[in-house]
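Residues per chain, in single letters:
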Amino acid sequence: MADQIRVLSEKLANMIAAGEVIERPASVVKELVENAIDAGGERISVEIKAGGKQLMRVMDDGGGMSREDAVLAFERHATSKIAGEDDLYRIGTFGFRGEALASIASVARVDLTTNTKGEAAGTRVRIDGGSAPKVTDAGRAPGTTVAVSQLFYNVPARRKFLRTTGTETRHVVSVVSSIAMAYPAIAFTLTVDGRDTLSLPAVSNTYTRAQAVMGNTLMNQMIPVTFDDDLVKIHGFISRPDAARVSRTHQHLYINLRPVSSRALNRAVFEGYGSILPKERFPVSIVFLNIDLDQVDVNVHPAKREVRFSDESMVYERLLRAIRLALQNSDVVPVFETDTPDISGMAPAAAPGGERAPELELDPAMARRSQIDLFGPARGNGGDPPGEWTYTPAGSEGGTRDEGEPGTVREHGDAEMVSLWQLHNAYILAQVKGGFMLIDQHAAHERVLFERALKTLGDESAPSRQLLFPVTLDLMAPQIALVREHFDHFARLGFNVKLFGEKTVVVDAVPCMASNQDVDTLFHRMIENLQEMPEKNLKMEERLALTFSGHAGIRKGDPLSQQEMNGLVNDLFATEMPYVTPRGRPTVVRMPLEEIERRFNRPS
Ligand code: ADP
Ligand code: MG
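Treat the numbers as computed from the prediction; the structure is a model and nothing was measured.

> If you had to explain helix α1 (residues 10–21) to someone new, which residues and values would you point to?
Counted at 1.5 Å a residue, the expected span for α1 with its 12 residues is 16 Å, and the 16 Å between its end C-alpha atoms agrees. By the burial criterion, the buried members of α1 are A13, N14, A17, A18 and V21. An end-on view of α1 places all buried positions within 145° of arc, on one side of the element. Turning to α1, the residues buried within the fold contact α2 (25–38), α4 (100–107) and α5 (156–160).

> Give a detailed account of the side chain of S178, specifying residues and quantitative values.
Positionally, S178 belongs in helix α6 (residues 165–182). Taking the relative accessible area as the measure of exposure, S178 reaches 13% and is therefore buried.

> If you had to explain the site of ligand 1 to someone new, which residues and values would you point to?
What surrounds ligand 1 is a group of 18 residues, the closest being N35, T79, S80, K81 and G98. With respect to ligand 1, the backbone of R97 contributes an N or O atom lying 3.1 Å from an oxygen atom. Starting from 530 Å² of accessible surface for ligand 1 in isolation, the protein chains cover 93%. For the shell around ligand 1, the residue count by class is 7 nonpolar, 7 polar and 4 charged.

> So what about unusual backbone geometry? Which residues, and what values?
Despite not being glycine, L257 has its phi angle at roughly 70°, a positive value. Along the chain, L257 turns up in the loop between β11 (251–255) and β12 (258–260). In the Ramachandran plot, H424 falls in the positive-phi region, its phi being about 55° despite a non-glycine side chain. Its location among the elements puts H424 in the loop between β16 (420–423) and β17 (427–432). You can call H424 exposed: its relative accessible area is 73%.

> Residues and numbers for the pattern of salt bridges, please.
Where charged atoms from two side chains of opposite charge approach closely, those side chains can pair. Tallied over the entire structure, the rule returns 19 salt bridges. Among the salt bridges present, the one from R109 reaches D128, with a minimum N-O distance of 3.5 Å. With R109 in strand β3 (residues 109–115) and D128 in strand β4 (residues 122–128), this pair connects stretches of sequence that are 19 residues apart. Close ionic contact of R452 with D571 constitutes a salt bridge, the shortest N to O distance being 3.0 Å. Of this pair, R452 sits in helix α12 (residues 441–458) while D571 sits in helix α17 (residues 562–572), and the two are 119 residues apart along the sequence. Through salt bridges with shared partners, one network takes in D229, E317, R318 and R321.

> Explain the packing of α12 against helix α16 (residues 540–552) to me, and be specific about the residues and the numbers.
Where α12 contacts α16, the axes come no closer than 8 Å and their chain directions differ by 145°. Seen along the crossing, α12 lies across α16 with a hand that is right-handed. On the side of α12, the interface is formed by H442, E446, L449, F450, A453, L454 and L457, while α16 contributes E541, E542, L544, A545, L546, F548, S549, G550 and A552. Class assignment of the residues belonging to the contact of α12 with α16 gives a composition of 10 nonpolar, 3 polar and 3 charged.

> Explain the sheet that holds β17 residue by residue, including any values.
Read from one edge of the open sheet, 4 strands run β16-β17-β18-β22, paired in antiparallel fashion. Both outer strands of the open sheet, β16 and β22 (588–592), are each paired with one neighbouring strand and no more. The average angle at which neighbouring strand axes cross in this sheet is 25°, direction not considered. In terms of strand pairing, strand β18 (residues 435–440) meets β22 through 5 bridges, oriented antiparallel. By the bridge assignment for β22, I439 is matched with V588. Sitting on the sheet, α12 touches β16, β17 and β18, and the angle it makes with β18 is about 75°.

> Got a sec to walk through the sheet that holds strand β6 (residues 143–149)? Specific residues and values, please.
Sheets are built from strands paired through backbone hydrogen bonds, the pairs being either parallel or antiparallel. The strand order across the open sheet built from 8 strands is β5-β4-β3-β6-β2-β1-β7-β8, with neighbouring strands paired in mixed fashion. Looking along the sheet, the strands with just one partner apiece sit at the ends: β5 (134–138) and β8 (195–200). Shown here is a sheet whose adjacent strand axes are inclined to one another by a mean of 10°, direction ignored. Note: strand β1 (residues 43–49) against strand β2 (residues 55–60), 6 bridges, orientation antiparallel. Within the sheet, the bridge partner assigned to I48 lies in β2 and is M56. Sheet strands in contact with α2 are β1, β2, β6 and β7 (187–192), and its direction is about 10° off that of β2.

> Give me the lowdown on the pairing of strand β10 (residues 232–239), citing residues and values where you can.
Across the 8 residues that make up β10, a large majority, 6, are buried. Linking strand β9 (residues 222–228) to β10, which pair antiparallel, is a turn of 3 residues. Of the pairings in the sheet, the one linking β10 to strand β13 (residues 285–291) comprises 7 bridges and is antiparallel in character. Opposite K233, over in β13, you have N290 as the bridge partner.

> Can you break down the side chain of D508 residue by residue, with the values?
Mapped onto the secondary structure, D508 falls in strand β21 (residues 504–511). Within the structure, D508 has its side chain in polar contact with the side chain of N496 (distance 2.9 Å). A polar side-chain atom of D508 sits 2.6 Å from a polar atom in the side chain of K498. What D508 contacts, discounting residues up to four positions off in sequence, is R465, Q466, L467, P470, N496 and K498.

> A description of the layout of surface pockets should follow, citing residues and the corresponding values.
When its volume is computed, the second largest pocket comes out at roughly 1100 Å³. Taken together, 36 residues line the second largest pocket, and the ones lying closest to its centre are H171, S174, V175, S178 and R305. The set of elements that each furnish at least two residues to the lining of the second largest pocket consists of α1, α2, α6, α7 (206–214), β11 and β12. The leading source of residues in the lining of the second largest pocket is α6, at 10 residues. Looking at the lining of the second largest pocket residue by residue, the class counts come to 14 nonpolar, 13 polar and 9 charged. Looking at which domains feed residues into the lining of the second largest pocket, each of domain 1 (10–204) and domain 2 (215–328) supplies at least three.

Conventions adopted
Residues numbered from 1 in each chain as written. Chains lettered and ligands numbered in written order. Predicted model: local features only at pLDDT ≥ 70, side-chain atom pairs only at ≥ 80, totals over all residues. Heavy atoms only, no water. Helix = DSSP H or I, 4+ residues; strand = E, 2+ residues; numbered from the N terminus. Expected span 1.5 Å × (residues − 1). Buried < 20%, exposed > 50% of the residue type's maximum accessible area, 1.4 Å probe, protein only. Arc of directions from axis to C-beta. Contact = heavy atoms within 4.5 Å. Near = heavy atom within 4 Å. Polar contact = N/O pair within 3.5 Å; in protein donor to acceptor, adjacent residues only side chain to side chain. Areas by Shrake-Rupley, 256 points an atom, 1.4 Å probe, with all protein chains shown as cover. Nonpolar A, V, L, I, M, F, W, Y, C, P; charged D, E, K, R; others polar. Salt bridge = Lys/Arg side-chain N within 4 Å of Asp/Glu carboxyl O. Axes fitted to C-alpha atoms, helices over the stretch in contact; angles between N-to-C directions. Left-handed = near helix turned anticlockwise from the far one by under 90°. Pairing = 2+ DSSP bridges. 1 Å grid on protein atoms, 1.4 Å probe; cavity = no way out; pocket = protein on both sides within 12 Å on 5 of 7 lines; lining within 4 Å. Points joined across faces, edges and corners; volume = space filled by probe spheres on them. Domains from an automatic or database assignment.

From the geometry alone we can't say anything about function, so treat these as descriptive.
As structure tokens, then:
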């Protein structure tokens, strides 16, 4: 057979490359804005018409190009950003492949003007669909403007795949917003069909920029994330659990200020929330990871949206930890305050250089310890270590005391406890550092019971309380099957269940931690919930713990004694996630002093 292989023309090769790099107008805008940032631009304006299908123009005040460079920039593999092989493993710029401009020029009409400092005449380069460049003089201040019109005019197959103007516009807005979020010091504007759509002045920090991009309402629902070790530095914002969204598309992830998508790292953010997100809800997150350049490979994908890590599991683990810490430390976790001076001796040592705001305390265990200590009996007790003490459920006849050994529970005079008030037999009012808080007693107990139930289902068995009068329940066949199937689980929780015949179960002992006295209802509810629970993706232990904690605890309307309230609050803040129920409802509402002062029209 005659020779058939030939080397493709430069023009054809560029069009093929364009197929990978340029998917839609937003891809062009992304490449041009990235070039503007790489060039050191401080003000970048983007303008599009008809979703970019008609025109995209990106203007910057960066370093610009000499005439020779401006022509060379359109050659394939022409770049000023890397020189040798070693550079490929330490990429600190957006660009490095040198193919964006060549690709764009092969599938659209491009008009570039540029000028550098100290050069008299600027340069204008025009290229139509990969044709030879036309170079002329052009007066302009230092910087570069690239106008791209009639995208895919010579690739009809591609043009057909473009979506409506509205859809393409949304993609452009999202690309510009996402890059702008990482560069608060650069001013961005975006004009869509002559209308100002984004107008982002230069600001000093990411939070302010994120407010401008995402809106105040959303940012007010976010909590900060920070983490720092040898491998990675993480900062950003994640939503409070109750602000989670129904779709996963609100996770913004940046590696070394480059927006990237990574299923694994999105997963880490999600997992970091543990069980506190409402079902089928996803967090909003804006998270920046900084990693040594040689630990990340950005040369994975032509559009540079994906990255590879030399050790992904380490990065995953750090991110997961950062999210957990952020949630545990968020300011909805209150810090208690009493007037007693000697309590300070029990609190964790303040950081050198003055008093550290407890809200900023980085170690949640420490923060919690200080809260527990404040409730502990050490003061005036001859310096005895604070005892473990358990919550006494309302109405249970001394039920809690049998949970620990005698002596681990101390008698507390009311004088030794923080004063708490119960409101409407439903909420507990407490003074906290910088304000006060209201605790929803039912929600709080739900969180406490959930974690206890999970623990007992996992390893140890929970103590039971024998019922004076065993309860007999008639169940339907599928329910009996459920009981049979989960016999062990019920036993570990502390239920003693016996089967009688085809339809009857007898419960003669219940978990000590349950305060609901109506065993009949509790058991029925649990069985029903287990039958119909939509949380199919949860492990059986989690489902059981969820239904148990939902029904076994203190209810709205239960009166609580001072000691019971102290016990509950103490237990709540010893949990992993004190401020939300396992289903993501808040357990605590905090009222900061500033807010109170504002309402009294006091200048603070
Ligand atoms: P890459 O960004 O990967 O280097 P591009 O094709 O996007 O490849 O750009 C090629 C070269 O053109 C860049 O390396 C840069 O030197 C120059 N260039 C492109 N856009 C600009 C700009 N806005 N300002 C200054 N130089 C630019
Ligand atoms: Mg580039």
